[in-house]
Amino acid sequence: MKKYFERFFQTIVRPEYQVVMLLITTSIVLLLGGRALYRFRPLEQQPELFSITPAKMRKWAGDPVTVTVGLYVSSWHQFEMVENEFVFDGVVWFQFDPALIALETIGKFSFQKGELLQKSEPNTKLIDGKLFAEYKIRLRFSTILNHSFFPLDDHHIYITLVNTYVTPSEVIFKSFKSDFELSSGIHIPAWNQIDKAVMTGYAKELFDKFDERKSIRYPEVVLGLDFTRSGISLLLLIFLPVFLIFFLSLFWFTFKPEQSGPIMALTTGAITSLIGYRFVIQNMSPKVGYFLLSDHLFTFFLALAFISFVFALFLVNRGSMSPALVIARGIIFITFHVLFMCIWYYLLFIWK
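### What to know about the packing of helix H5 (residues 233-249) against helix H7 (residues 293-318)
Geometrically, a packed helix pair is captured by the angle between its two axes and the distance between the axes.
Logical step 1: Contact geometry for H5 and H7: axes closest at 10 Å, N-to-C directions at 10 degrees. Classified by the angle between their axes, H5 and H7 sit roughly parallel to one another. The residues of H7 that touch H5, namely those facing Ile 238, Phe 239, Val 242, Phe 243, Phe 246 and Phe 247, are Leu 293, Ser 294, Leu 297, Phe 301, Leu 304 and Ala 305.
Logical step 2: Across the contact of H5 with H7, the residue classes tally to 11 nonpolar, one polar and no charged.

### A short note on H7
Logical step 1: Between its terminal C-alpha atoms H7 stretches 38 Å, which fits the 38 Å expected from 26 residues at 1.5 Å a residue.
Logical step 2: Positive backbone phi, at 85 degrees, marks Gly 319, one or two positions downstream of H7.

### Some points on the packing of aromatic side chains
Logical step 1: Inspection of the entire model under this criterion finds 34 aromatic pairs.
Logical step 2: Between Phe 109 and Phe 111, the aromatic rings sit 6.1 Å apart at their centres with planes inclined by 90 degrees, giving edge-to-face as the arrangement. The same class applies to Phe 109 as to Phe 111, namely buried.
Logical step 3: With 6.0 Å between their ring centres and 80 degrees between their planes, Phe 247 and Phe 301 make a pair best called edge-to-face. Of this pair, Phe 247 sits in helix H5 while Phe 301 sits in helix H7, and the two are 54 residues apart along the sequence. Neither residue differs from the other here; Phe 247 and Phe 301 are each classed as buried.
Logical step 4: The rings of Phe 239, Phe 243, Phe 246, Phe 247, Phe 300, Phe 301, Phe 336, Phe 340 and Trp 344 are connected pair by pair, giving a single aromatic cluster.

### Notes on the side chain of Arg 229
Logical step 1: Tracing the chain through its elements places Arg 229 in strand E11 (residues 215-229).
Logical step 2: Among the polar contacts made by the side chain of Arg 229, one reaches the main-chain carbonyl oxygen of Pro 151 at a distance of 3.2 Å.
Logical step 3: Only 2.7 Å separates the side chain of Arg 229 from the side chain of Asp 153, close enough to count as a polar contact.
Logical step 4: The residues touching Arg 229, leaving out its near neighbours within four places in the chain, are Phe 150, Pro 151, Asp 153, Asp 154, Ala 190, Trp 191 and Leu 234.

Cut-offs and rules
Numbers given to residues run from 1 along each chain, matching the order in which its sequence is written. Given that this is a predicted model, residues contribute local features only at a pLDDT of at least 70 and side-chain atom pairs are listed and counted only at 80 or more, while totals for whole chains, interfaces and linings are drawn from all residues. Only hydrogens and water are removed before side-chain values are computed, so all heavy atoms of the structure are retained for them. Axis angles are defined between N-to-C directions and span 0 to 180 degrees, where every axis is a line fitted to C-alpha atoms and, for a helix, only to the segment in contact. Here a helix means four or more residues in a row that DSSP labels H or I, a strand means two or more in a row labelled E, and each is numbered from the N terminus. Angles are sorted into four bins: roughly parallel if under 35 degrees, roughly antiparallel if over 145, roughly perpendicular if 65 to 115, and oblique for all others. Whether two residues are in contact is decided by their heavy atoms, any of which lying within 4.5 Å being enough. Three classes are used, and their members are as follows: Ala, Val, Leu, Ile, Met, Phe, Trp, Tyr, Cys and Pro are nonpolar, Asp, Glu, Lys and Arg are charged, and the others, Gly among them, are polar. Residue count minus one, scaled by 1.5 Å, sets the expected span of a helix. When the centres of two rings from Phe, Tyr and Trp lie within 6.5 Å, Trp using its six-membered ring, the rings pair. Their planes under 30 degrees apart give stacked, over 60 give edge-to-face, and anything left gives tilted. Only protein chains enter the calculation, and the probe is 1.4 Å; a residue is then buried if its accessible area is under 20% of its type maximum, exposed if over 50%, and partly exposed in between. A 3.5 Å cut-off defines polar contacts: any pair of N or O atoms within that distance qualifies, except that in protein one atom must be a possible hydrogen donor and the other a possible acceptor, and neighbouring residues in sequence count only when both atoms are side-chain atoms.

What follows is the structure in structure tokens.
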């Protein structure tokens, strides 16, 4: 039995069998990666929004005016998910009873985490006895993004419209999904917009967390857009070189310990190449303070490359192979492949 295991593990590290193992691992990795691409998994949290209920209205003792709000996005001037910088042209519109609230008050709207670069004078007309006012705008805004799954990340982008000059007891914003539209001619490279959402309510800011009377409230509309990555070019650009650098370096297992030159060249080359390519990955990655999916995979491969180097150094210093080392070498080789597939599955489908 010992002879059988020795022959098996001696054979498994031969170049032709390493190629077979590499093809099997690559196929499984691509299959799992393809499944992950079709999963919509954003991690962003919806901005805090409080619902307006009849009980709250009675408490506030107000008689609010209902104002319908809508947004039409005509074009994106800037759509930088990594830098969290967005600029678009569009139209914000309101429909309300002019006898109950002034147009000047409605026009004091603003956007949280946003800056109005341009804002036209209102274009107004009467529709069904109500005033319809539209403002052409150019908005620059940012949002809270979570890039943990980069470069397999999907995102919720939130645009929050508020009017801090009125309270919910004076004005209630009403909006529906149909009131939030994007031009059909919009094309965003590398991203697909798959859904949208509209939520209304009010925001509250506390000046003293121990005394709710020291606070302000104002009506709010949260407009959400769902984006998923299109294509696999970035995925291949980040992961494929790291994958190939490490697994091609494992061909040192085919050499005898006496052949120290090729062994040390492959193992040390893998470590230096991985560290060098880390700077390339860093330039493409979002600048955040937490580990990304790409960081976890890079750290994993770097750790395996270091283990491979230490084992190779041990064999070179020993100068010969024993039956136990033959078996150990084969087990390490197979373990590297199996461990990578397990870690890949864990990061894609279990880790959050």
